[in-house]
Each structure stands twice: as C-alpha cells, then as structure tokens.
Amino acid sequence: MLSNRRFIKQLANWVTAITILINIYLYTYPSFNSERCSWSTTEVRTGSLTNWEGLVLQIPYFGDIFQQYFLDESKLEDNSDDIKILALGDPQINGNWPNTPYIKRLDNFGNDYYLGHIYRTMKRRLLPSHVAVMGDLFSSQWISDSEYYNRTRRYMTRLFPQPEQHTLDAMNFVDKHEDVDWRSFYGWMNGNLNDGSFLREEEYAYYDIYDWTEPRIKGEPLFINITGNHDVGYGDTTYQHLARYRKLFGKDNYFIEYDNDTDHPWRIVVLNSLALDGPLLQPEFQKYTWQFVEMLSKQNYPGQTILMTHIPFYKREGLCIDGPFVEYFTEENALEDYRIGLLKSENHLQYETSQKVLNAVFQSGKPGIVLTGHDHEGCENFYSKDENNVWVADKTVKNKNFYIKEATVRAMMGDFDGHAGIMTGHLNKSTGLWEWDYSTCPFSVQHVWWVGQVGIALSILLQSIGFLI
C-alpha cells in the first residue's frame, strides 16, 4: 500500500512538472522565435539600458520574456505610428452532423480552442491595429444556413472572440436561425448593376476606420474577413452563399483610406477574388466585382496600397508549392448538370486577370503589398514590371523603385503548425514611403496543445488521488 502511494505521488509530480513545462511553452511560444514573432520595428534603445538589462536581453527566450513583461516601454523605440496587421490563413473549421463520431466532435471542439489560442496569444503579444482572416473561414460552402450559423457562433466566440458590441448584430441574427433573405440581396445587386452604383466610389469607401462600431474600444483591432472558396464557392456561388456571408462577415469588396491629410496616405483594399475569373453561375457577381476593380483604376489613388484577397496572383511554376492550375466542371465531375462548364477551382488568378487587377490597384508607382491565402503552405514573391510593361513574379526584387510584395499567409491549421502572419508597415521619413515587412510566427501541431490540456486534467486527478490515499 505504501509503495503504491509513493508511486502515485511520484507519478503525479512528474506529470505535473511536465504539464507545467508544456503549458509554459504554449503560452510563451512566440518567445522561442522572437524575431519572426515580432513587428519588424520592435527595437530596444540600447543607450537607455542598464548593464544587467543588456545582459538579460541577450539570452534567447528569456530576453524576449523580459522585454515583453518587465522592460519599461520608454526603453523601446516608438513604433506607435506603424501599420500593424496580424494575418491568419485558412482556419477552415469543420462542423458536426448527426452521424459524426464523438471522437471527431471532440477533435472539432479542441481545434476551435487550438486556433483561438493562436489568436489570443498573438493578439496579446502584438496588439495589432488590424486583424485579417485570409478566407476559408469554414471547411465548405455547401452547408445549410443553420449549420452556417452554428459555425459563425463558434468562429466569433471560440476562435476570434471580440467585444460584444462588435458581434452583437451577427449573434442576434444567428440566434434567430432564420433563412437568409437572399431575394433582397438579389434585388439590391441587380438594381445597382443597372443604375451604375457599383462604379461609384461611395459604394465601397471607408476613411480612417479602426473600429466598425462607435465608440472605439481601446486595444481592439479592426477585424477584417475575406471571402474564400470554402465560404462562397468558385463558379458555383449562389445568391444564398454570398448573401449570408455578407450578412454575417461584412462586405466582400471595399477599401479603407488612411492619412489622406498627410504626404504619406495609404489604404487597404479588400477584394473578392472568387468572382474575378469565370464562368460563374451568377455572372452578375463577376460584373459587380469587375466594376469595383474599374472604379479603383479610375481613382488614381496617390498613396500606397495593401491588397487583401484570397487567391494568389498568377506566377510561373516552381515559385510556390501550388503552381498554375485551373479546373472546370465537366459531365464527369459535376454533381448537378447546371454546374457543367463553370469554374471549379484554381490555384492562382489567371494571367490576364492578374495583370488587370495589379494595374488597377497599384497605379501610384509606389511599393505595395498583397496578402493572400489559399495556398496552405504559404509563399512569398515580388512582382515587378518587365521591359514589356508586364507584371512578373520572382523570388527577388527586380525593380527596387517599384515592386509589389505578395505574401501568401501559411494556414493556421494544426497540420501546418499553426502559423500567424505578421505584416509591418513602417514609414521611412527620408523617402516619405511606407516600407513593408512580413514574417510568419510558427506554433506547433495541435497535438501539443491537446497534451497541455489533458496534462492539466491528469495532474489534478493524480494529485487528488495522491492526497486522498
């Protein structure tokens, strides 16, 4: 009896110690990759440090912990004017059905909180000005409105929790579990196409927005959702798909301009790339999206642009894991006849589409950046114009005076190590231009998170048994 008691107590202590270490990692994992997991302009004013502070900051991991939690902010370089965007790629949350096994339901439950842990950890560490989810919020667009609402609630409460006033309207609508009113959306869409409203700037424009609600909540980023093919579809997108997305997650095409009263204005352009190529079941979606692009081309915007969209731009084979690929529905792969001939999938926007959009959005001749999703492996490239005035992608900058960086954000799913994209825009005061930097912060596979949670429960159980026997 005594030996059993000693064994249980020793086991409890070992499990508890290991659990503590794992959870320390879970909540401080960015400090193991501090350079990749910080804004590019996070620098210490070395002249203001004491000798011991300088020594502590040189120690890997512990130096970052010290800087994060103990170093006086006055000893850090001021980067409060920087553009700070946390970009999260393709969460693709699954749903539960009547025949879903209980182990899969548990996996879905844990996956929500695994993804939410990444968001909360990075948000707390970085205090971003903007957060963008780069599309594919859900795993499939072919789900009922009721299931769509269930996943929306999980998305807004477990994965990316926000203040009540940010999600109140969406949650009230979700609670009613009513069918989305796609017929009103149909009337609005076709009415505006006929009267030319989609060619007018006011249909898409926002200015100096840092919070979708008033008053602004201090410390809360502007949250931006982007349409993905698993949210609305490719060529088979219906009015129901797009109407419910817009109802709960916001517009699919718009722009936000900042600092127009300065000599360094900049903007964010959000573009629904799923409606650019075709053929589409509802060609009016394509017409509407191209009218948005046409409006942008006529703006002659003088500042710099951050373009956010789901599908990456065309590039030659070998630059990314996903090469050029386009597929259409045929008699062999279409479940319904009405889909035959429609766009089924694509890895990149097609060549002509890429040229037109890049020319329309980046007219100022100043460097810009594109954030995309879709390719779960992630990728980085630079677009410059060649001697024929054609945009060409490459791994290096070919024209230092005018280039566009494209950062395809690696998926935050556990199979891809739970990455988060960190985009910093820093104003070079000598040139008057924003300079763009992008890095990715890795977490770990979801199993490590699970071990941390199970370890807590097991530690409590074993310690309780050891205390009672």
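Predicted model, so just to flag it, every value in this text is computed and none were measured.

Calculation criteria
Residues numbered from 1 in each chain as written. Predicted model: local features only at pLDDT ≥ 70, side-chain atom pairs only at ≥ 80, totals over all residues. Heavy atoms only, no water. Helix = DSSP H or I, 4+ residues; strand = E, 2+ residues; numbered from the N terminus. Buried < 20%, exposed > 50% of the residue type's maximum accessible area, 1.4 Å probe, protein only. Areas by Shrake-Rupley, 256 points an atom, 1.4 Å probe, with all protein chains shown as cover. Axes fitted to C-alpha atoms, helices over the stretch in contact; angles between N-to-C directions. Parallel < 35°, antiparallel > 145°, perpendicular 65-115°, else oblique. Left-handed = near helix turned anticlockwise from the far one by under 90°. Contact = heavy atoms within 4.5 Å. Nonpolar A, V, L, I, M, F, W, Y, C, P; charged D, E, K, R; others polar. Pairing = 2+ DSSP bridges. Phe/Tyr/Trp six-rings, centres within 6.5 Å; stacked < 30°, edge-to-face > 60°. Lys NZ or Arg CZ within 6 Å of the ring centre and 35° of its normal. Expected span 1.5 Å × (residues − 1). Salt bridge = Lys/Arg side-chain N within 4 Å of Asp/Glu carboxyl O. UniProt positions renumbered as here; feature names shortened; annotations may be inferred. Disulfide = S-S within 2.5 Å.

**Student:** Before we move on, could you go through the overall build of the protein chain and cite the residues and values that matter?
**Tutor:** Scanning the protein chain for helices and strands turns up 12 helices and 15 strands. The principal-axis extents of the C-alpha atoms in the protein chain amount to approximately 85 × 65 × 45 Å. Relative to its 469 residues, the protein chain shows a buried fraction of 54%. Entry remark: accessible area of the protein chain is about 21,900 Å², with carbon and sulfur atoms responsible for 54%.

**Student:** I'd like a description of the packing of helix α10 (residues 283-299) against helix α11 (residues 351-361), backed by residues and values.
**Tutor:** Viewed as axis vectors pointing N to C, α10 and α11 meet at an angle of 40°, and their least axial separation amounts to 7 Å. What the angle tells us is that α10 and α11 run oblique. Handedness of the α10/α11 crossing: left-handed. On the side of α10, the interface is formed by Trp290, Val293, Leu296 and Ser297, while α11 contributes Thr353, Lys356, Val357, Ala360 and Val361. Considered class by class, the residues forming the contact of α10 with α11 number 6 nonpolar, 2 polar and 1 charged.

**Student:** Explain the sheet that holds strand β10 (residues 368-372) to me, using residue names and the numbers behind them.
**Tutor:** Read across the sheet, 8 strands follow the order β3-β5-β6-β7-β10-β13-β11-β12 without closing on themselves; strand pairing throughout is mixed. Edge strands, defined here as strands with exactly one partner in the open sheet, are β3 (205-207) and β12 (391-394). Neighbour-to-neighbour, the strand axes of the sheet open up by a mean angle of 20°, direction not taken into account. Where strand β7 (residues 304-308) meets β10, 3 bridges bridge the pair, whose relative direction is parallel. When the sheet's bridge partners are listed, Met308 is paired in β10 with Leu371. Docked against the sheet, α10 engages β5 (254-258) and β6 (266-270), running at close to 25° with respect to β5.

**Student:** Hey, could you go over the packing of aromatic side chains for me, with residue numbers and the actual values?
**Tutor:** Using the criterion set out here, one finds 41 aromatic pairs in the structure. With 4.5 Å between their ring centres and 55° between their planes, Phe198 and Tyr288 make a pair best called tilted. In this pair, Phe198 sits in the loop between α7 (182-195) and β3 while Tyr288 sits in helix α10, placing the two residues 90 residues apart along the sequence. Residue classification places Tyr288 among the buried residues on the basis of a relative accessible area of 2%. Taken together, the aromatic side chains of Tyr119, Phe138, Tyr148, Tyr155, Phe160, Phe223, Tyr245 and Phe249 make up a single cluster linked through ring pairs. Here the basic side chain of Lys247 rests over the ring of Phe173, its NZ or CZ set 5.0 Å away from the ring centre.

**Student:** Pulling in residues and values, what's your account of helix α5 (residues 145-159)?
**Tutor:** With 15 residues, α5 extends 20 Å between its outermost C-alpha atoms, agreeing within 8% with the 21 Å of an ideal straight helix rising 1.5 Å per residue. Those residues of α5 not exposed but buried are Asp145, Glu147, Tyr148, Tyr149, Arg151, Thr152, Arg154, Tyr155, Met156 and Leu159. In the core, the buried residues of α5 are packed alongside α4 (102-126), β2 (130-133), α6 (164-176), β4 (222-225), α8 (229-232) and α9 (239-249).

**Student:** Can you lay out the pattern of salt bridges for me, pointing to particular residues and giving the numbers?
**Tutor:** Inspection of every chain in the model, using the stated rule, returns 19 salt bridges. Across the salt bridge formed by Lys104 and Asp107, the nearest N and O atoms sit 3.5 Å from each other. In this pair, Lys104 and Asp107 both sit in helix α4, 3 residues apart, roughly one turn of the helix. With a relative accessible area of 31%, Asp107 lands in the partly exposed category. Between Asp145 and Arg244 there is a salt bridge whose closest N-O contact spans 2.9 Å. Placement of the pair is Asp145 in helix α5 and Arg244 in helix α9, with a sequence separation of 99 residues.

**Student:** How would you sum up the UniProt feature "transmembrane region" (unreviewed entry) in the protein chain? Please name residues and give values.
**Tutor:** Residues given the UniProt feature "transmembrane region" (unreviewed entry) here are residues 12-29. Split by type, residues 12-29 is 94% helix and 0% strand. Its first and last C-alpha atoms lie 25 Å apart.

**Student:** Any details on the state of the cysteines? Residues and values, ideally.
**Tutor:** Counted under the stated rule, the structure contains 2 disulfides. The disulfide that involves Cys37 links it to Cys441, with 2.0 Å between the sulfurs. Across the S-S bond linking Cys37 and Cys441, the dihedral sits near 90°, which makes this disulfide right-handed. With Cys37 in the loop between α1 (2-28) and α2 (51-57) and Cys441 in strand β15 (residues 433-441), the pair connects residues that are 404 residues apart, well separated along the chain. Of the two residues examined, Cys37 and Cys441, each falls in the buried class. One disulfide in the model links Cys320 with Cys379; its S-S distance is 2.0 Å. Of note, the bridge from Cys320 to Cys379 carries an S-S torsion of about -85° and is left-handed in sense. Note that Cys320 is positioned in the loop between β7 and β8 (326-328) and Cys379 in strand β11 (residues 379-385), a separation of 59 residues in sequence. When its relative accessible area of 9% is taken as the criterion, Cys379 is described as buried.

**Student:** Mind laying out unusual backbone geometry, listing which residues take part and the relevant values?
**Tutor:** Cis geometry is found at the peptide bond from Glu214 to Pro215, where omega equals -5°. Here the residue pair Gly278 and Pro279 is connected by a cis peptide bond, since its omega of 5° sits within 30 degrees of zero. Inspection of the secondary structure puts Pro279 in the loop between β6 and α10. Of note, Tyr61 is a non-glycine position whose phi angle comes to about 70°, a positive value. Structurally, Tyr61 can be placed in the loop between α2 and α3 (62-69). On the accessibility criterion, Tyr61 (15% relative accessible area) is buried.

**Student:** Describe in detail the pairing of β6, supporting the description with residues and values.
**Tutor:** Across the 5 residues that make up β6, a large majority, 5, are buried. Going residue by residue along β6, you find Trp266, Ile268 and Val270 tucked away on one face and Arg267 and Val269 tucked away on the opposite face as well. Summarising the sheet, β5 and β6 pair through 5 bridges and their orientation is antiparallel. Following the sheet pairing, Tyr258 is matched in β6 by Trp266. As paired strands, β6 and β7 are joined by 5 bridges and run parallel to one another.

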